[in-house]
Amino acid sequence: MALTLKSALEADAADPLAPLRERFGIPRTAQGGRCIYLCGHSLGLMPLAARAEIAQELDDWEHLAVLGHEHARRPWIPYHDALAGHVAQLLGCRADEVAVMNSLTVNLQLMLASFYRPEGGRRAILIEAGAFPSDRYAVTTHLQWRGLDPRECLIELAPREGEDLIGETDLEAVLERRGEQIALVLWPGVQYLTGQVFDLVRIERAAHAAGALVGFDLAHSVGNMPFPLRDSAADFAVWCSYKYLNAGPGAIGGCFVHRRHFDPARPRLAGWWGHEHATRFDMPREFRPASGAAGFQLSNQSVLAAAPLIASLELFREAGMRRLREKSVALTAFLDQLIAERTPQVRSITPRATAARGAQLSLRLNGGPERGRRVFQWLAAHGTICDWREPDIIRAAPVPLYNGFEDVFNFVVRLEEALRSND
Ligand SMILES: *Cc1c(COP(=O)(O)O)cnc(C)c1O
């Protein structure tokens, strides 16, 4: 498409998903206009229907109190079941492989407790050198808590000298070279800083061929990439729901456990909500896990933190993940091309290939981190919401549920102004 405002407006007019935008809250500037919001990779916008979903739970709590467990409009005891089914559809896995619970890092610790089984010479965990801090903290402290030394048991794979991205080939090479030492590979579906999408099938196969287990962090994949778990036989995965899933700050997250690990003897850190459902309320002394990912739950459902997710999942169902991805590919390509043409001082470090990126582009500016930070601050002061990640990256993600081509065009115009004002 032509790189003009006219063609952006035409693309929005022809887009069957465009009306969904009106079903989200969009922040406004001090002057009252709508902000340009390209920050759904960090916190998704609020689906307006979330308010009614939460209000419903408050009403049921007010009027039914404890009886709400069985008689709320959405009874609280089985609250989890419908959510797990819908999230499983987005991931491309079975409903009984999903538990919607806790937050991402908590789920990661729980999965490490179950799936990191160091034995003999096979004790290392392989992660990426630039992993999201929480994931690195989880893994290092998990090792220490087991009395193991991260300097010995943590392998961090860095990009090649002078590069930003890690090739799957390099990952395969480490697994071939040091596979016998590696107990677990923990890898992101989409890298949070660079926006790089990894080939999860390839990584899963290489890890399993080396005799390691493999877990994926899907924080930036779920709701962004279609069906990230469809063809992969990952052992586990974890995610949060407040980024592309728009379920609100600190919303309930989730985890995936592959069906081959449903064996009740699988070690775990248990709680009563993971007990076999039929006898859970008999208050038995011995823990007998529910079958499936549900057997990894600890506590009864955080209904108020899960209610907004229902509103958001409804929008995903209406839009359809395939149509969303199609639009996402076009939006991000439009952003990439506009930046290449209009702001040559800005370079996207995100891969160019469609299959290797989702919604997000990660932008690095000529002139060093100081100038980058000034440009970012100028954008923020002018109603343009994206984010800054140390040391020198502006992340911007047009989200197909609520961003349009006009947003993308206006963003690049603002970026041009920001660069001019901060020469
Ligand atoms: C957003 C994100 C998290 C956040 O963890 P919480 O426990 O939900 O606060 C963790 N890991 C990655 C890779 C993320 O992108």
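Computed from a prediction, not measured in an experiment: that's the story for all the values here. (Residues numbered from 1 in each chain as written. Predicted model: local features only at pLDDT ≥ 70, side-chain atom pairs only at ≥ 80, totals over all residues. Heavy atoms only, no water.)

**Student:** Mind showing me how you'd approach the nonpolar core here?
**Tutor:** Generally speaking, a soluble globular protein has its nonpolar side chains buried in company with each other. Formed by 68 residues in total, the largest nonpolar core has its most connected members in Val185, Phe216 and Leu401. No other element matches helix α10 (residues 303–319), which puts nine residues into this core. (Core = buried A, V, L, I, M, F, W, Y, C linked by side-chain atoms within 4.5 Å. Buried < 20%, exposed > 50% of the residue type's maximum accessible area, 1.4 Å probe, protein only. Helix = DSSP H or I, 4+ residues; strand = E, 2+ residues; numbered from the N terminus.)

**Student:** Would you explain the sheet that holds strand β12 (residues 387–389) in this entry?
**Tutor:** In a beta sheet, neighbouring strands pair by backbone hydrogen bonds and run either parallel or antiparallel. Pairing in this open sheet of four strands is antiparallel, and the strands run β9-β10-β13-β12 from one edge to the other. The sheet terminates laterally at β9 (346–348) and β12, the two strands that pair on one side only. Each neighbouring strand pair of the sheet contributes to a mean axis angle of 35 degrees, computed without reference to strand direction. Looking at chain direction, strand β10 (residues 361–365) and strand β13 (residues 393–396) are connected through three bridges and run antiparallel. Looking across to β13, one finds that serine 362 is bridged to arginine 395. Along the sheet face, helix α12 (residues 368–381) touches β10, β12 and β13 and points at about 160 degrees away from the line of β12. Each of β9, β10 and β13 is contacted by helix α13 (residues 405–421), which is oriented at about 15 degrees to β10, the strand it contacts most. (Pairing = 2+ DSSP bridges. Axes fitted to C-alpha atoms, helices over the stretch in contact; angles between N-to-C directions. Contact = heavy atoms within 4.5 Å.)

**Student:** Even after reading the chapter, I still don't get helix α9 (residues 200–209), so can you show me in this structure?
**Tutor:** Among the residues of α9, Leu200, Ile203, Glu204, Ala206 and Ala207 are the ones counted as buried. The buried residues of α9 occupy an angular sector of 165 degrees when projected down its axis, which confines them to one face. Along α9, exposed side chains directed more than 90 degrees from the buried face belong to Arg205 and Ala209. As for α9, its buried residues are in contact with α8 (168–178), β5 (182–188) and β6 (213–217). The N-terminus of α9 is capped by aspartate 199, whose side-chain oxygen sits 3.2 Å from the backbone nitrogen of valine 201. (Arc of directions from axis to C-beta. Polar contact = N/O pair within 3.5 Å; in protein donor to acceptor, adjacent residues only side chain to side chain.)

**Student:** What should I look at first to understand the packing of α12 against α13 in this one?
**Tutor:** Any two packed helices are characterised by how steeply their axes cross, that is the angle between the axes, and by the distance between the axes. Interaxial distance between α12 and α13 falls to 9 Å at its minimum, and their mutual angle equals 125 degrees. Accordingly, the angle class assigned to the pair α12 and α13 is oblique. When the axes of α12 and α13 are compared, the crossing they make is right-handed. Between α12, through Arg371, Val375, Trp378 and Leu379, and α13, the contact on the second element is made entirely by Phe411, Arg414, Leu415, Glu417, Ala418, Leu419 and Ser421. Residues of the contact of α12 with α13, tallied by class, amount to seven nonpolar, one polar and three charged. (Parallel < 35°, antiparallel > 145°, perpendicular 65-115°, else oblique. Left-handed = near helix turned anticlockwise from the far one by under 90°. Nonpolar A, V, L, I, M, F, W, Y, C, P; charged D, E, K, R; others polar.)

**Student:** In this structure, what is going on with empty space enclosed by the protein? I would like to understand it.
**Tutor:** Over the atoms, a rolling probe the size of a water molecule traces out where space has been left empty. Across all of its chains, the model carries two cavities of 30 Å³ or more by this definition. If you add up the space inside the largest cavity, you get close to 40 Å³. Taken together, Gly223, Asn224, Tyr244, Met321, Leu324, Arg325, Ser328, Ala359, Val399 and Pro400 make up the lining of the largest cavity. Broken down by class, the residue content of the lining of the largest cavity amounts to six nonpolar, three polar and one charged. Within this model, the second largest cavity holds a volume of roughly 30 Å³. Around the second largest cavity sit Leu110, Ser114, Arg268, Leu269, Phe296 and Leu298, which together line it. Of the residues that constitute the lining of the second largest cavity, the class distribution is four nonpolar, one polar and one charged. (1 Å grid on protein atoms, 1.4 Å probe; cavity = no way out; pocket = protein on both sides within 12 Å on 5 of 7 lines; lining within 4 Å. Points joined across faces, edges and corners; volume = space filled by probe spheres on them.)

**Student:** When you look at unusual backbone geometry in this model, what are you seeing that I'm missing?
**Tutor:** The bulk of non-glycine residues show a negative phi, and the bulk of peptide bonds are trans. Cis rather than trans, the peptide bond between glutamate 390 and proline 391 has omega equal to 5 degrees. Tracing the backbone shows proline 391 in the loop between β12 and β13. Look at alanine 65: it is not a glycine, yet its phi comes out positive at around 45 degrees. Assignment of secondary structure puts alanine 65 in the loop between α2 (50–64) and α3 (68–71).

**Student:** Looking at this structure, how should I read the environment of arginine 357?
**Tutor:** As for its position among the elements, arginine 357 is in the loop between β9 and β10. Of the residues examined, arginine 357 reaches a relative accessible area of 7% and is grouped as buried. In the structure, arginine 357 is positioned 329 residues away from arginine 28 in sequence and 29 Å away in space, judged by C-alpha atoms. Beyond its immediate stretch of four places on either side in the chain, arginine 357 contacts Gly195, Val197, Met225, Arg325, Thr332, Ala333, Asp336, Thr350, Pro351 and Arg352. Among the polar contacts made by the side chain of arginine 357, one reaches the side chain of aspartate 336 at a distance of 2.7 Å.

**Student:** What exactly am I supposed to notice about the pairing of strand β3 (residues 124–128) here?
**Tutor:** Regular strands place their side chains on alternate faces of the sheet. Among the five residues in β3, five count as buried, and that is most of the element. Across three bridges, β3 lies against β5 in parallel orientation. Opposite alanine 124, over in β5, you have isoleucine 182 as the bridge partner. Note that β3 and strand β4 (residues 154–157) share four bridges and pair parallel. Its bridge partner being in β4, isoleucine 125 is matched across the sheet by leucine 154.

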